[in-house]
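# Chains, contacts and geometry: an overview
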Amino acid sequence: MAIVYATLIVKGRKTLDQVPTIIRKDVEDILEALEVKVND
């Protein structure tokens, strides 16, 4: 599910604040690996 949220963030459809707390760290790790800057 984390990859789904990461994809939605990259596409601009979600923000990091909209990610459930339980998987937020996983999403942050994915975005970091993709070298995506998030301004949340």
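What you see is a predicted model; the values in this text were computed from it and never measured. Along each chain, residues carry numbers from 1 onward, in the same order as the chain's sequence is written. For this predicted model, a pLDDT threshold of at least 70 governs which residues receive local features, and a threshold of 80 or more governs which side-chain atom pairs are given and counted, while totals over whole chains, interfaces and linings are taken from all residues. Water and hydrogen atoms were dropped before computing side-chain values, which therefore reflect all heavy atoms in the structure.

### Considerations on the environment of V10
Counting from the N terminus, the helices are DSSP H or I runs at least four residues long and the strands are E runs at least two residues long. Position of V10 among the secondary structure elements: in helix α1 (residues 2–10). Considering only alpha carbons, one finds V10 and V38, 28 residues apart in sequence, at a separation of 8.9 Å. When neighbours within four sequence positions are excluded, V10 is seen to be in contact with L31 and V36. In this analysis, two residues are considered to be in contact whenever any of their non-hydrogen atoms come within 4.5 Å of each other.

### A closer look at the environment of V19
Turning to its location among the elements, V19 is positioned in the loop between α1 and α2 (21–33). For every residue, the accessible area obtained with a 1.4 Å probe (protein chains only) is divided by the maximum for its type, and the residue is called buried under 20%, exposed over 50%, and partly exposed between those limits. The class for V19 is buried, based on a relative accessible area of 1%. Expressed as a C-alpha distance, the spacing of V19 and A6, which sit 13 residues apart in the sequence, is 9.0 Å. Beyond its immediate sequence surroundings of up to four residues, V19 is in contact with Y5, I9, R24 and V27.

### Focus on α2
Each residue after the first adds 1.5 Å to the expected span of a helix. The end-to-end C-alpha separation of α2 is 19 Å, in line with the 18 Å expected for 13 residues at 1.5 Å each. Inspection of α2 places I23, V27 and L31 among the buried residues, and these make up the whole buried set. One side of α2 carries all its buried residues, which in axial view fall inside an arc of 90°. In this structure, α2 carries K25, E32 and A33 as exposed residues pointing more than 90 degrees from its buried face. The elements touched by buried residues of α2 are α1. Comment: arc refers to directions from the helix axis out to C-beta atoms.

### Observations concerning the pattern of salt bridges
By convention in these notes, a salt bridge is any Lys or Arg side-chain nitrogen within 4 Å of a carboxyl oxygen on Asp or Glu. Per the counting criterion, the structure on display carries one salt bridge. As a salt-bridge pair, K25 and D29 come within 2.8 Å of each other at their nearest N and O atoms. Here K25 pairs with D29, and both are found in helix α2, just four residues apart, close to one helical turn. The exposure class of D29 is partly exposed, given its relative accessible area of 35%.

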